Amino acid sequence: RLYKEHYIFKILENKVIMDKPIISIKNAFILAFITVISFAAISILLKNYDYPRLVFGDILSPIIELVVVIILFYVIIYLATQELRIRRGWLFIAVALSFYVIGDILWAIYEIGLHQNPSVSLSDIFYLIFYPIFAVGIYYLTKFSFNRSEKFKIFIDMGIVMITVGLMFWTF
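First, a word on what this report is: a plain description of the structure on this page. In this convention, every chain numbers its residues from 1, walking through the sequence in written order. pLDDT decides what is reported in this predicted model: residues at 70 or higher carry local features, side-chain atom pairs at 80 or more are listed and counted, and totals for whole chains, interfaces and linings draw on all residues regardless. With hydrogens and water stripped out, all remaining heavy atoms of the structure feed into the side-chain values.

Brief notes about the side chain of S121
The condition that has to hold: Secondary structure elements follow DSSP: runs of H or I of four or more residues count as helices, runs of E of two or more count as strands, with numbering from the N terminus. Only protein chains enter the accessibility calculation, which uses a 1.4 Å probe; a residue is then buried when its area is under 20% of its type maximum, exposed when over 50%, and partly exposed in between. As used in this structure description, the phrase polar contact means that two N or O atoms lie within 3.5 Å; if the pair is within protein, one of them must be able to donate a hydrogen and the other to accept it, and residues adjacent in sequence are counted only when both atoms belong to side chains.
Note on placement: S121 falls in the loop between α3 (84-113) and α4 (122-141). Overall, the relative accessible area of 14% leaves S121 in the buried class. A polar side-chain atom of S121 sits 2.7 Å from a polar atom in the side chain of S123.

Below, the structure is given as structure tokens:
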């Protein structure tokens, strides 16, 4: 027999509302801390073994990032009653991170599967798509409202910063 508190989602006025979180914030932080410490410990243990360390990083990084993307979409569902601007911000961030995950998967395919150095590859396109979409997500999460000219100035400033950072990474 299922009681109301066993349901994770319920439908209210055609919106999905979270009744009860799947995991508490405290447990989520503990799990994240354990994941980071485990990742660091295994990386240290594999420091003298180049190829196993490479495989470990190339496989585990996209898996962790994919879990983060799933959590972000969970957050978007959880925020169904919040203001549209906030949900859009998190949606842009989740989509941006999805592009980053695709880039990491392609990187792993080049490095592990094809045994090529993916310094310039298709994965770079997905890495570069990540930045402007992520910036738009951060923009939507700000609490301030801007007029049209201020928005234009902010997007120009973000573009300048992204181009500068991109050129620095390209050069070095």
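Quick notes on the packing of aromatic side chains
We count it as follows: Put simply, two rings from Phe, Tyr or Trp (the six-membered ring, in Trp's case) pair if the centres are within 6.5 Å, and we call them stacked under 30 degrees between planes, edge-to-face over 60, tilted for the rest.
By the definition in use, this model includes eight aromatic pairs. Ring centres of Y100 and Y127 lie 4.9 Å apart, and the angle between their planes is 55°; this geometry places the pair in the tilted category. Separated by 27 residues along the polypeptide, Y100 in helix α3 and Y127 in helix α4 bring together distant segments of the chain. Both rings, one in F130 and one in Y131, keep their centres 5.0 Å apart while their planes meet at 80°; by these two values the pair is edge-to-face. A residue is classified by how much of its surface remains accessible, and Y131, at 39% relative accessible area, is partly exposed. Chaining the aromatic ring pairs together yields one cluster made of Y100, W107, Y127, F130, Y131 and F134.

Here's the deal with unusual backbone geometry
Even without glycine at this site, H115 takes up a positive phi of about 55°. Its location among the elements puts H115 in the loop between α3 and α4. Assessed through its relative accessible area of 58%, H115 is described here as exposed.

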